[in-house]
Amino acid sequence: MNNELTPQGDVSTVRLIYILYLVSFIAGITAIIGVVMAYVNKDDASEWLQSHYQFLINTFWKGLVMALVSGLLMMVFIGFILIVIVVLWIIIRCVKGLKYIDERKAHPEPTGWGF
């Protein structure tokens, strides 16, 4: 993926979505706003920014599924441990994504489970 110049607004939008995801631990609705923004903006973005939008969309859906499973498993205690792992997973993904955005780099694995 190339690293072509893009308007600052496009980069700011991606950065804002990462921040919305992080703020969602305090105000849960912001993650939903962020994923909607990612879906709305991904097709008009440059190729390297599309990788970030895809990464953000995958982070939302995978995180939601893992959080729901953790919530169900809280009845047998293991869910409390798993939810901490899910929160850390989301935080690390967002911080790494912000790092790539600041460096103006495409996300190397937008569909992967890692960071």
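Below you will find a few notes about this structure. (Residues numbered from 1 in each chain as written. Predicted model: local features only at pLDDT ≥ 70, side-chain atom pairs only at ≥ 80, totals over all residues. Heavy atoms only, no water.)

On to the nonpolar core. Ranked by size, the top nonpolar core spans 22 residues in total, and within it Val14, Tyr18, Tyr21, Leu49, Tyr53 and Ile101 carry the most contacts. Mapped onto this core, the elements with two or more residues apiece are helix H1 (8-23), helix H2 (29-41), helix H3 (47-73) and helix H4 (78-102). Broken down by element, the residue count for this core peaks at seven residues, all from H3. (Core = buried A, V, L, I, M, F, W, Y, C linked by side-chain atoms within 4.5 Å. Buried < 20%, exposed > 50% of the residue type's maximum accessible area, 1.4 Å probe, protein only. Helix = DSSP H or I, 4+ residues; strand = E, 2+ residues; numbered from the N terminus.)

Moving on, we come to the pattern of salt bridges. The final tally for this structure, using the stated rule, is three salt bridges. Note that Glu103 is salt-bridged to Lys99, the shortest N-O span being 3.9 Å. Residue Glu103 is classed as partly exposed on the basis of its relative accessible area, which comes to 36%. As a salt-bridge pair, Glu103 and Lys105 come within 3.3 Å of each other at their nearest N and O atoms. With a relative accessible area of 41%, Lys105 lands in the partly exposed category. Each member of the salt-bridge network shares a partner with another, and the members are Lys99, Glu103 and Lys105. (Salt bridge = Lys/Arg side-chain N within 4 Å of Asp/Glu carboxyl O.)

Moving on to H4. In this model H4 runs 36 Å from its N-terminal to its C-terminal C-alpha over 25 residues, within 8% of the 36 Å that 1.5 Å per residue would give. The first or second residue beyond H4 is Arg104, which carries a positive phi of 60°. (Expected span 1.5 Å × (residues − 1).)

In this structure the tally under the stated criterion is five aromatic pairs. Measuring from ring centre to ring centre gives 6.2 Å for Trp89 and Trp113, while their planes differ by 40°; the resulting arrangement is tilted. Of this pair, Trp89 sits in helix H4 while Trp113 is found in the segment after H4, placing the two residues 24 residues apart along the sequence. Judged by its relative accessible area of 52%, Trp113 falls in the exposed class. Pairwise contacts between aromatic rings join Tyr21, Phe60 and Trp61 into one cluster. (Phe/Tyr/Trp six-rings, centres within 6.5 Å; stacked < 30°, edge-to-face > 60°.)

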